[in-house]
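Chain and residue survey
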Amino acid sequence: MANRSPAILVNGIPMISVFVENWENVQRFQAREDDLLINTYPKSGTTWMSEIMDLILCGGDTEKTKRAAIFERVPFLEYAVPDMPTGTEILNGLKSRRLIKSHLPVQLLPASFWEKNCKMIYVARNPKDVLVSYYHFHQMAIVHPDPGTFEEYLQEFINGTVCIGSWSHHVKGWWKKRHQRNILYLFYEDLLEDPKREIRKVIKFMEKDLPEDVIEKIHQSTTFKAMKENKMTNYSSIPTSVMDHTISPFMRKGICGDWKNQLTVAQNELLDEYYKKEMSDTDLSFRF
Ligand code: A3P
Ligand code: EST
């Protein structure tokens, strides 16, 4: 597998280079009416929301959600690495109801998701914690370009040249769509603050009705600690040569404000400036 290759632009958006091979099939992908999409900018709580949604579909039955790893239960639409079935191939072979993960910015989502009016959940996270989490993820998962030093990576993040492009364009692009009935826009920080409140929102959005003890069970099974220890959610089954958890575990810290341990005063000021500039034309705001 091609490792550490620079990102390749697709319609102006930098993508993991090996993923680009399958781009035509991604664009032509046929969504189904009852598909559920989980979309995020990377490192914003994708895996967490995926596990919550699968547990909701399984009525809180953790035996059922242990049937396979999270990346098999919730296939990654744009995923494509040599000699492995692609995300679109896996999804085409899956019977309904499908849960689908994607990081695509709103303008690149395959048209069929809009045509079929699929339900979509978007999770957003503050850019400082995303940046720190994404940097560690680049170091441990060699499918990504070499991130360089943290200082270099921070510049690329601000320039919007990291994989999936600009954080602010991504969160603002999806925010503009949030009034559509089929879109639920959530925040990582809200999930941390009151997981059960947010889980209830997801249940309602999915038009399910689950008793209190099941909601409690879903909550207990999706705490950071539970998901870090769960082989089906912690990505530990991926070969070390592809994802090296000794460099940085996939389930790394799971908190809000870890950026305070990473950013220098000067770097923090750069990000404050970036945030102020990028968010001056929106009513969307984040908690840090
Ligand atoms: P950190 O690197 O800050 O710890 P994604 O799934 O979108 O790639 O996001 C990964 C981030 O979400 C990581 O952040 C990871 O630790 C965190 N995360 C995953 N599951 C979580 C959970 N149950 N509770 C809180 N954070 C979680
Ligand atoms: C890429 C980006 C992202 O935000 C999340 C993930 C999770 C699954 C990862 C994938 C990725 C990159 C490619 C892999 C994959 C698991 C195996 C595969 O090789 C590392």
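Now for a quick tour of the structure. Here the structure is a predicted model, which means the values were calculated and not measured. (Residues numbered from 1 in each chain as written. Chains lettered and ligands numbered in written order. Predicted model: local features only at pLDDT ≥ 70, side-chain atom pairs only at ≥ 80, totals over all residues. Heavy atoms only, no water.)

Attention shifts here to the overall build of the protein. Within the protein, the regular secondary structure consists of 14 helices and 6 strands. At 18 Å, the protein has a C-alpha radius of gyration in line with the 19 Å of a compact globule built from 288 residues. Dimensions of the protein, computed from C-alpha atoms along their principal axes, come out at roughly 50 × 40 × 40 Å. Scored against the burial criterion, the 288 residues of the protein give a buried share of 56%. (Helix = DSSP H or I, 4+ residues; strand = E, 2+ residues; numbered from the N terminus. Rg over C-alpha atoms; globule rule 2.2 N^0.38 Å. Buried < 20%, exposed > 50% of the residue type's maximum accessible area, 1.4 Å probe, protein only.)

At a closest axis distance of 11 Å, the pairing of helix α7 (residues 127–140) and helix α8 (residues 150–159) adopts a crossing angle of 125°. Relative to α8, the element α7 is oriented oblique. The two elements α7 and α8 cross, and the hand of that crossing is right-handed. On the side of α7, the interface is formed by P127, V130, L131, V132, Y134, Y135 and H138, while α8 contributes F150, Y153, L154 and F157. Its residues assigned to classes, the contact of α7 with α8 shows 10 nonpolar, 1 polar and no charged. (Axes fitted to C-alpha atoms, helices over the stretch in contact; angles between N-to-C directions. Parallel < 35°, antiparallel > 145°, perpendicular 65-115°, else oblique. Left-handed = near helix turned anticlockwise from the far one by under 90°. Contact = heavy atoms within 4.5 Å. Nonpolar A, V, L, I, M, F, W, Y, C, P; charged D, E, K, R; others polar.)

The next thing to look at is the layout of surface pockets. To find leftover empty space, one rolls a probe the size of a water molecule over the atoms. Its volume calculated, the second largest pocket comes out at about 230 Å³. For the second largest pocket, the full set of lining residues is D54, L57, R67, E72, R73, L94, K95, S96, R97, R98 and L99. Broken down by secondary-structure element, the contributors of at least two residues to the lining of the second largest pocket are α2 (46–57) and α4 (70–73). Partitioned by chemical class, the residues of the lining of the second largest pocket number 3 nonpolar, 1 polar and 7 charged. (1 Å grid on protein atoms, 1.4 Å probe; cavity = no way out; pocket = protein on both sides within 12 Å on 5 of 7 lines; lining within 4 Å. Points joined across faces, edges and corners; volume = space filled by probe spheres on them.)

Of all residues adjacent to ligand 1, which total 18 residues, the nearest are T46, T47, S133, Y188 and K253. Within the contact set of ligand 1, a nitrogen atom lies 3.3 Å away from a side-chain nitrogen or oxygen of W48. Computed on the free molecule, ligand 1 has an accessible area of 570 Å², of which 98% lies beneath the protein chains in the complex. A total of 3 residues in the shell around ligand 1 trace back to one element, the largest contributor, which is α2. Its residues placed into classes, the shell around ligand 1 shows 6 nonpolar, 8 polar and 4 charged. (Near = heavy atom within 4 Å. Polar contact = N/O pair within 3.5 Å; in protein donor to acceptor, adjacent residues only side chain to side chain. Areas by Shrake-Rupley, 256 points an atom, 1.4 Å probe, with all protein chains shown as cover.)

Now for the pairing of strand β6 (residues 183–187). Counting buried positions along β6 yields 5 of 5 residues, so the element is predominantly enclosed. Burial along β6 is two-sided: I183, Y185 and F187 facing one way and L184 and L186 facing the other are all buried. Alignment of strand β5 (residues 119–124) against β6, held across 5 bridges, turns out to be parallel. Following the sheet pairing, A124 is matched in β6 by F187. (Pairing = 2+ DSSP bridges.)

So, on to helix α14 (residues 265–278). For α14, which comprises 14 residues, the first-to-last C-alpha distance of 20 Å matches the rise-based estimate of 20 Å (1.5 Å per residue) to within 8%. Buried within α14 are the following residues: Q267, N268, L271, Y274, Y275 and E278. All buried residues of α14 lie within an arc of 120° about the axis, which places them on one face of the element. Turned more than 90 degrees away from the buried face of α14 sit V265, A266, E269, E273, K276 and K277, all of them exposed. In this structure, the buried residues of α14 make contact with α7, α8 and α9 (167–175). (Expected span 1.5 Å × (residues − 1). Arc of directions from axis to C-beta.)

A separate point is the environment of K253. In this structure, K253 sits in the loop between α13 (224–229) and α14. Counting along the chain gives 217 residues from K253 to L36, while the straight-line C-alpha distance between them is 27 Å. Once residues lying within four places of it in the same chain are set aside, the contact partners of K253 are F224, D258 and N261. One polar contact links K253 to D258, side chain to side chain, over a distance of 2.8 Å.

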